[in-house]
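Chain and residue survey
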Amino acid sequence: MDLKPEEKRILQTLYFANKPLTTKSISERTNMAWQTTKNYLGQMHQRGLLNKGKKGSSIYWWIRI
């Protein structure tokens with residue numbers, strides 16, 4: 001599976017955080033715009049790489065094992 005550099009950064013960020021992170025937190029930690037991060041997260045979720053859950057108004061993401 002080929003991953004784009006942005007997707008690798010997201011996966012590394014989630015892996016080293018060792019906990020679910022919000023879209024905003026991932027965006028800040030990877031230095032990507034929020035909308036760009038949101039788009040990549042959605043694509044990665046559709047491909048089965050990430051899980052997501054909602055708490056309040058925040059969406060949390062973590063690596064699917």
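As a reminder, the structure under discussion sits directly above these lines.
Here the residue numbers are simple positions, counted from 1 along each chain's written sequence. Where local features are concerned, this predicted model is filtered to residues with pLDDT of at least 70; where side-chain atom pairs are given and counted, the filter is 80 or more; whole-chain, interface and lining totals use all residues. Working from all heavy atoms in the structure, the side-chain values ignore hydrogens and water.

Let us now look at the nonpolar core. We call a set of buried Ala, Val, Leu, Ile, Met, Phe, Trp, Tyr and Cys residues a nonpolar core when their side-chain atoms join them within 4.5 Å. Note on exposure labels: buried denotes an accessible area under 20% of the residue type's maximum, exposed denotes more than 50%, and partly exposed covers the range between, all computed with a 1.4 Å probe on protein chains only. Ranked by size, the top nonpolar core spans 13 residues in total, and within it Ile10, Leu14, Ile26, Leu41, Met44 and Leu50 carry the most contacts. Where helices and strands are cited, they refer to DSSP runs of H or I of at least four residues and of E of at least two residues respectively, numbered from the N terminus. Elements with a contribution of two residues or more to this core: helix 1 (5-17) and helix 3 (34-46). At 4 residues, the largest contribution of residues to this core is made by helix 1. In this analysis, two residues are considered to be in contact whenever any of their non-hydrogen atoms come within 4.5 Å of each other. With near-sequence residues (within four places) excluded, Leu14 lies in contact with Lys19, Leu21, Ile26, Leu50, Trp61, Trp62 and Ile63.

Bringing the layout of surface pockets into the picture now. If you add up the space inside the largest pocket, you get close to 190 Å³. Looking at the largest pocket, the residues that line it are Thr22, Thr23, Lys24, Trp34, Lys38, Gly42, Lys52, Ser57, Ser58, Ile59 and Trp61. Elements represented by at least two residues in the lining of the largest pocket include exactly helix 2 (23-30), helix 3 and strand 3 (58-63). Taken together, the residues that form the lining of the largest pocket break down as 3 nonpolar, 5 polar and 3 charged. Buried and open spaces are told apart on a 1 Å grid over the protein atoms alone, a cavity being a set of points where a 1.4 Å probe fits but cannot get out and a pocket being an open set with protein on both sides within 12 Å along at least five of seven lines. Residues with an atom within 4 Å of a point are the lining residues. Grid points are joined across faces, edges and corners, and a volume is the space filled by probe spheres set on the points. Asp, Glu, Lys and Arg are counted as charged, while Ala, Val, Leu, Ile, Met, Phe, Trp, Tyr, Cys and Pro are counted as nonpolar; the rest, among them Gly, fall into the polar class.

Once that is clear, we can look at the pattern of salt bridges. A pair is scored as a salt bridge if a Lys or Arg side-chain nitrogen falls within 4 Å of a carboxyl oxygen belonging to Asp or Glu. Under the defined criterion, the tally for this structure stands at 2 salt bridges. Between Arg47 and Glu7 there is a salt bridge, with the nearest N and O atoms lying 2.6 Å from each other. One end of the pair, Arg47, is in the loop between helix 3 and strand 2 (50-55); the other, Glu7, is in helix 1, and 40 residues separate them in sequence. Arg47 gets classed as partly exposed once you look at its relative accessible area, which sits at 38%. You can call Glu7 buried: its relative accessible area is 1%. Across the salt bridge formed by Glu28 and Lys24, the nearest N and O atoms sit 4.0 Å from each other. Taken together, the residues Glu28 and Lys24, both in helix 2 and 4 residues apart, mark about one turn of the helix. Residue Lys24 is classed as exposed on the basis of its relative accessible area of 54%.

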